[in-house]
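Architecture and fold: a report
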Amino acid sequence: MNTLQELTRIVQAAAAADRTEDQVKLIVEAIHRAIAVDVCSLYIAAADGAMVLVASHGLDQQAVGYSRLPAGRGLVGRVAQTRHPINVAKAAAHPDFCYLAETREDEFTSFCGVPVVRAGAVVGVLVVQSREGRVMSADEQAFLVTLSTQLALVLPPEPLAVHTPASAVRRVRGVKGAPGTGIGSAWLCENLDLYSVPDRPCEDPAAAITEWHQLLSTVSKDVANERRALGDQLSEGVSGVFTAYQMLLNDPGLRLGVEQAIAAGQWLPGALRQVVHHYAEVFLAMEDPYLRARNEDLHHLGNKLYQSWAGASANLPADEHGPLILVGAKVSVSDIAACDPLRLAAIVCYEGSSLSHTAVLANALGVPAVMGTGKLKNIDDGSPLIVDGNTGQVILYPSPSIRLEFERLQRAEQALKGELASLRDEPATTPDGVRVRLMANTGLLADISPGLANGAEGIGLYRTEMPFMISETFPSEEEQLHTYRQVLDAYRGRPVYMRILDIGGDKPLPYFPIHEENPALGWRGIRFCLDNSSLLMTQVRAMLRAAEGGTENGADLHILLPMVSNSGEISAFKGVLDDALQQLHGEGVNVRRPQVGIMVEVPAAISLLPAWAGRLDFISIGSNDLSQYLLALDRNNPRVAGAYDHIHPAVLQEIARITASATTSGLPLSLCGEMAADPAAVVFLLGIGIRTLSMSASKLPRIKWLLRSFSAQDAATLAQKALTLDNSADIRTLLEGALHQRGLGRLLGSE
Ligand code: PEP
Ligand code: MG
């Protein structure tokens, strides 16, 4: 081979093509001809470091653009990681070998891979493979290395158009597998699927049968090890999964069935596929849903045997990837056992039901799981996911605000288990007999149970934007009705304060982007709702219908208006409410006029409260926005977040003013911002006379503990003192000191 000539020819041919896809195709074809190899493939590094097959002569074309090896995995990953060629006669014997079934590469024995490096970074790996088990000659390897440097220049600066995830937030519904909320990165457990194995003749049946027996014994040992790995955490019932696997492995039907299929001329993986498929079908045809779900056990076991035969092992990513969410058609017990329990955040199965052993095991381990989602499209290893096992849904690519909300929820769940559970049914009454009403803030259906379990006396703030944010379009009236009804039903007989859509600012809707110079001061809250009055009408109708029958029916709906800053907004909303009531009465729906109040969060509202008192049924202080607007500090801007503090003296003065104004006007008042859960702030709020607080469910027990330990009289004295101080630090020192004195220091500094 005249290396220089070949090189020039290949590079020229590539340069002549217009599209990169065509260029890489031409290159792999040309290399295959130049050095007479059976396979020549090019893998390109995706943004997450995974290596994606983008062109191949010799491998299955179905795999091109799809087949990917997570960063550092397989021989290709190894070449990329070490920036060093691997040139071996028998790829499968290499410790890093990882078999990609979809490429059908099992018929090729040798492997030679060289890195493609540009500007110091590995951008791809060029691979040649042959049927014949031979090491490439030094000349051939040098040719590939030289070519790879040329290739680096041809490849575009951006990764090729591989099938990268559409990183838009999406919600996928499945069925509840195990309760709880899991937040983490996807780890796909679907590399090897026995059912994709093709028929192929067996050249040496006797050797294949021996191999089969060895395989059974290896996998039997693996299962025993996995059982031991999970041992401590398994209940008797759940360890039955492993017993079931062992029974299947010892089952003569499986052993003999595979032997017979091999003897009939089928290669081992093909024989295994035939037999497993046959028995799985038998289970699937059973009437009993429990037995039907056992077909999955067979499939899991079949995959496990196949995986072991192929020498592939699930190399879980290194620790820096954080909590993992196992995702796959059928996440197996082995996948779960292979994952460090401390990193296992949740499980998602495309198939299966709550009866699947995967779900049973997840329940036993306390790992949230969602089953039967159907294939999750456009996700990769590392894609961010939220698994909501309480409602059976998965959120892909959650936005920061959705993530925050779920993190809050997750903390709520943890707190549920905490030591404060015993206070659940006790009232929040101070030692000197002042009763404070504690309610929950929520926005997710999944939040409902933690709220109730923590003794919430109602929902003080239902953020309706949450169901809007996890939807793909504006939810219809019926969809909203369904959601709101569940909330009101769960809190039957207790007040529910539903806020109309408060989007804009820090709460964007993915399908309704609003681009503004200054979103905090822009089109948000009631301003947005009134300008989009048909959306508002739909929402108000849904709320009213959800509360059909009113309090007689146990539905105690209150409507809360966000970001109100002028009188016209209250009148305009009332106009929409009147229309909605009239429409629904006309339609024969038994709806009642709900109480209507506003969030006091725009400072302008404070001065106007006396004027509005006659038009409002209640007010609720939104201390988050109120502090942000009083201090002109963006609560979500990390640069200034350190300076944001609701214990700022000016904020406290204004809150005291609002409370006094509400008392004078006889307006019921609550506070529903984060301040309601800050122990030091709660002492102040109790002291100035606030008697209703709403906060995330997880905080309720702690605040209840505080209130039951702190007299209102002492709090009043401290509040008066706090109002004389002119900086946040002194106020905190005063209030926190009082908490320490009463043995409540444990409430500080923790969630
Ligand atoms: C607030 O502003 O204090 C409030 C409770 O509303 P949100 O946090 O939803 O803006
Ligand atoms: Mg607000």
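Residues numbered from 1 in each chain as written. Chains lettered and ligands numbered in written order. Predicted model: local features only at pLDDT ≥ 70, side-chain atom pairs only at ≥ 80, totals over all residues. Heavy atoms only, no water.

Section: the environment of Val602
This is how it is decided: Secondary structure elements are taken from DSSP: a helix is a run of H or I of four residues or more, a strand is a run of E of two residues or more, and numbering for both begins at the N terminus. Buried means the residue's accessible area, taken with a 1.4 Å probe over protein chains only, is under 20% of the maximum for its type, while exposed means over 50%, and partly exposed covers the values in between. The contact definition used throughout considers only heavy atoms, calling two residues in contact when any of these lie within 4.5 Å.
Along the chain, Val602 falls in the loop between strand E19 (595–600) and helix H20 (604–612). In this structure Val602 comes out as buried when scored by relative accessible area, which is 11%. Sequence spacing of Val602 and Leu630 is 28 residues, and the spatial spacing of their C-alpha atoms is 8.2 Å. Beyond its immediate chain neighbours, meaning those up to four positions away, Val602 contacts Met563, Val564 and Ser565.

Quick word on the pairing of strand E11 (residues 344–349)
The cut-off we apply is this: Pairing between two strands is assigned when DSSP locates at least 2 bridges connecting them.
Within E11, six of the six residues are buried, which leaves the element mostly enclosed by the surrounding structure. Sheet topology places strand E10 (residues 324–328) next to E11; five bridges connect them, and they run parallel. Across the sheet, the residue bridging to Ile325 is Ala346, located in E11. Two strands pair when backbone bridges link them, and E11 and strand E12 (residues 369–371) are joined in this way by two bridges, in the parallel orientation.

Focus: the site of ligand 1
So the rule is basically this: Residues are counted as near a molecule or strand when any one of their heavy atoms sits within 4 Å of it. Throughout this description, a polar contact denotes any pair of N or O atoms lying within 3.5 Å of each other; where both atoms belong to protein, one of them has to be capable of donating a hydrogen while the other can accept it, and for residues adjacent in sequence the pair is counted only when both atoms sit in side chains. Each accessible area value is a Shrake-Rupley result obtained with a 1.4 Å probe; residue values ignore everything except the protein chains displayed when judging cover. The method works on a 1 Å grid over the protein atoms by themselves. A cavity is a set of points holding a 1.4 Å probe that cannot get out, a pocket is an open set with protein on both sides within 12 Å along at least five of seven lines, and residues with an atom within 4 Å of a point line them. In this scheme, a molecule is assigned to a cavity or pocket if more than half of its atoms are within 2 Å of the grid points. Under the convention adopted here, Pro, Cys and the residues Ala, Val, Leu, Ile, Met, Phe, Trp and Tyr are nonpolar, Asp, Glu, Lys and Arg are charged, and Gly plus all remaining residues are polar. Residue ranges for the domains originate in an automatic or database domain assignment.
Neighbouring ligand 1 are 14 residues, the closest being Arg463, Arg499, Lys507, Asn624 and Arg635. Interatomic distance of 2.7 Å between a side-chain N/O atom of Arg463 and an oxygen atom of ligand 1. Side-chain polar atom of Arg499 to an oxygen atom of ligand 1: 2.7 Å apart, as the coordinates give it. Protein contact buries 99% of the 280 Å² of open area that ligand 1 shows by itself. Judged by the fraction of its atoms near the pocket grid, ligand 1 is located in the second largest cavity. Counting residues per element, the shell around ligand 1 draws most heavily on helix H21 (residues 623–631), at three residues. Taken together, the residues that form the shell around ligand 1 break down as three nonpolar, four polar and seven charged. Taken together, domain 4 (464–597) and domain 5 (601–751) each give at least three residues to the shell around ligand 1, which thus spans both.

Concerning the coordination of the magnesium ion (ligand 2)
In plain terms, the rule: Water is absent from the atoms considered, so a metal site may look incomplete; donors are defined as N, O and S atoms within 2.8 Å of the metal, or 3.2 Å for Na, K and Ca.
Looking at the metal site, the magnesium ion (ligand 2) is ligated by Glu601 (OE) and Asp625 (OD), spaced 2.1 to 2.2 Å from it. Of this pair, Glu601 sits in the loop between E19 and H20 while Asp625 sits in helix H21, placing them 24 residues apart in sequence. Of the two residues, Glu601 and Asp625, both sit in the buried class.

Details of the packing of helix H25 (residues 712–722) against helix H26 (residues 728–741)
Formally: Between the N-to-C directions of two axes lies an angle of 0 to 180 degrees, each axis being a line fitted to C-alpha atoms and, for a helix, fitted only over the stretch in contact. Roughly parallel means an angle under 35 degrees; roughly antiparallel, over 145; roughly perpendicular, 65 to 115; everything else is oblique. Crossing handedness follows the turn of the near helix against the far one: under a right angle anticlockwise gives a left-handed crossing, and clockwise gives a right-handed one.
Between H25 and H26, whose axes approach to 10 Å, the crossing angle comes to 165°. Between H25 and H26, the crossing angle belongs to the class labelled roughly antiparallel. For the pair H25 and H26, the crossing hand works out as right-handed. Residues Leu718, Lys721 and Ala722 of H25 pack against Ile731, Leu734, Leu735 and Ala738 of H26. Among the residues forming the contact of H25 with H26, the class breakdown is six nonpolar, no polar and one charged.

Digging into empty space enclosed by the protein
Under the convention used in this document: Grid points are joined across faces, edges and corners, and a volume is the space filled by probe spheres set on the points.
Inspection of every chain in the model, using the stated rule, returns five cavities of 30 Å³ or more. Quantified by volume, the largest cavity comes out at close to 110 Å³. Forming the boundary of the largest cavity are 13 residues, of which Leu75, Val76, Cys98, Glu105 and Phe111 lie nearest the centre. Elements with a contribution of two residues or more to the lining of the largest cavity: helix H3 (74–82) and strand E6 (121–130).

Some remarks on the environment of Ser670
Locating Ser670 in the fold gives a position in strand E21 (residues 669–671). When its relative accessible area of 10% is taken as the criterion, Ser670 is described as buried. Once you skip the residues sitting within four places of it in the chain, Ser670 turns out to touch Ile619, Ser620, Ile621 and Thr692. Polar side-chain contacts of Ser670 include one of 2.9 Å to the side chain of Ser620.

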